[in-house]
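These are the residues of each chain, in order.
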Amino acid sequence: MNIMQLITRIETPEPWSEGEKIPWNDPGFSERMLEYLVKYKFKAIVVSVDGATQEIYEIYRRGGHFNTVIQNIKKINFYKQKYQRKFPILVWQFVIFGHNEHELPLAKKMAEELNMGFVIRLNWSPSYSPVKNKENVRREIGYGSRKEYERKFHRVYMPLCYQLWDSPQVNWDGKLLGCCVNRSSDFGNVFKSGLEKCLKSEKYVYAKKMLLGKEKPRKDIPCLSCAHYKRINPQKMNPVRGYILRLIDVVKSV
Ligand code: SF4
């Protein structure tokens, strides 16, 4: 989701027009956006930083600049002090892989120094750079793999489908994707039609019902081409519980 665009619109009386360029390379623009996150009371930001050095960070976050991320976090902290705000709560999310597990202690230390919560997530695709020291992960979060989690709690590990209910994902260009896995189609463009209208669209509402098993699978719903969809047990889908669990995760981390 492009938070920056959404914040910009708070201050811009004119609707965001299609094709309008955002001055991403203007340092003044980025700085202002960081200030707005604090000034306009964003509640929480989860920053995915899967490493504690540039060398490791860029393996998964290709093209990413570790120092820029850290500097921007520091700037948000600066504005939190300036405006005497507790928000946004900052959470360092560490997706654990075989290539970065040795940097976990350092990342945790850095998060603490930056006044951030810290959560560890398992990789979306277990076959990519799998964790080598599962015992270490087990010690940290209580389970060493998705399978272990599912055996222990009798539910799918962090089903991203719940994002459709509690944190609808918006692409950088305004397309409402619903969840962060979906790449195949969208539910309208929030910059053109507004977020509320897109969330109430027939297709979006149908997708949610489909995930709960209340409607039949339909070709134009992106879930149909998602490997995850086949594993969902609609009887066990519970968006309220999903939201609470994720909230607990964030609260526990800070
Ligand atoms: S089934 Fe796949 S595409 Fe559909 S909401 Fe769940 S994770 Fe997203």
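Relevant structure appears above.
Structural notes, computed from the coordinates. Here the structure is a predicted model, which means the values were calculated and not measured.

1. Describing the site of the ligand
Taken together, Leu160, Cys161, Leu164, Gly178, Cys179, Val181, Asn182, Pro222, Cys223, Cys226, His228 and Tyr229 make up the full set of residues near the ligand. When the residues that make up the shell around the ligand are grouped by side-chain class, the tally is nine nonpolar, three polar and no charged.

2. Section: the environment of valine 205
Within the secondary structure layout, valine 205 lies in helix H11 (residues 202–211). Between the C-alpha atom of valine 205 and that of leucine 164, which follows or precedes it by 41 residues, the distance is 9.5 Å.

3. Here we look at the pairing of strand E2 (residues 89–96)
As judged from the five bridges shared by strand E1 (residues 44–48) and E2, these two strands associate in the parallel manner. Residue pairing in the sheet places isoleucine 45 in a bridge with leucine 90 of E2. Of the strand pairs in this sheet, E2 and strand E3 (residues 117–122) are connected by six bridges, and their pairing is parallel. Its bridge partner lying in E3, glutamine 93 is registered against valine 119. Regarding the hand of the β-α-β motif, the stretch spanning E2, helix H5 (residues 104–113) and E3 is right-handed.

4. So, the sheet that holds E1
In space, the three strands of this open sheet follow the order E1-E2-E3, with parallel pairing throughout. Strands at the two margins of the open sheet, each flanked by one partner only, are E1 and E3. On average, each strand axis in the sheet is inclined to that of its neighbour by 30 degrees, with strand direction left out of account. Here H5 sits on the sheet in contact with E2 and E3, set at roughly 175 degrees to E2.

5. Here's the deal with the nonpolar core
In globular proteins that are soluble, nonpolar side chains generally tend to be buried together. Ranked by internal contacts, the top residues of the largest apolar core, which has 23 residues, are Ile76, Trp92, Phe94, Ile96, Ala107 and Met116. Contributing elements (two or more residues each) for this core: helix H2 (27–39), helix H3 (54–60), helix H4 (66–82), E2, H5 and E3. If one sorts the elements of this core by residue count, E2 sits on top with five residues. Discounting residues that sit within four places of it in the chain, isoleucine 96 has contacts with Glu101, Leu104, Ile120, Leu122, Asn123, Val131 and Val137.

6. Points about unusual backbone geometry
Cis geometry marks the peptide bond from phenylalanine 87 to proline 88, where omega comes out at -5 degrees. Looking at the secondary structure, you find proline 88 in the loop between H4 and E2. With a phi close to 60 degrees, lysine 41 is a non-glycine residue in the positive phi region. Of note, lysine 41 is situated in the loop between H2 and E1. On the neighbour-count criterion, lysine 41 (12 C-beta atoms within 10 Å) is exposed. Non-glycine residue asparagine 115 carries a positive phi angle of around 60 degrees. You can see asparagine 115 is positioned in the loop between H5 and E3. By C-beta crowding, asparagine 115 is classed as partly exposed, having 15 other C-beta atoms within 10 Å.

7. Re H4
For H4, which comprises 17 residues, the first-to-last C-alpha distance of 25 Å matches the rise-based estimate of 24 Å (1.5 Å per residue) to within 8%. At the C-terminal side of H4, glutamine 84 shows a positive phi close to 55 degrees.

8. What to know about the environment of tryptophan 165
Secondary-structure assignment places tryptophan 165 in helix H8 (residues 163–166). Put simply, tryptophan 165 and lysine 208 are 43 residues apart on the chain and 7.9 Å apart in space, counted from C-alpha to C-alpha. Apart from residues lying up to four places away in sequence, tryptophan 165 is in contact with Lys208, Pro239 and Tyr243.

What counts as what
- Residues numbered from 1 in each chain as written.
- Predicted model: local features only at pLDDT ≥ 70, side-chain atom pairs only at ≥ 80, totals over all residues.
- Near = placed C-beta within 6 Å.
- Nonpolar A, V, L, I, M, F, W, Y, C, P; charged D, E, K, R; others polar.
- Helix = DSSP H or I, 4+ residues; strand = E, 2+ residues; numbered from the N terminus.
- Pairing = 2+ DSSP bridges.
- Right-handed = clockwise from strand over helix to strand, strands pointing away.
- Axes fitted to C-alpha atoms, helices over the stretch in contact; angles between N-to-C directions.
- Contact = placed C-beta atoms within 7 Å.
- Core = buried A, V, L, I, M, F, W, Y, C linked by C-beta atoms within 7 Å.
- Buried ≥ 20, exposed ≤ 12 C-beta atoms within 10 Å, placed from the backbone.
- Expected span 1.5 Å × (residues − 1).

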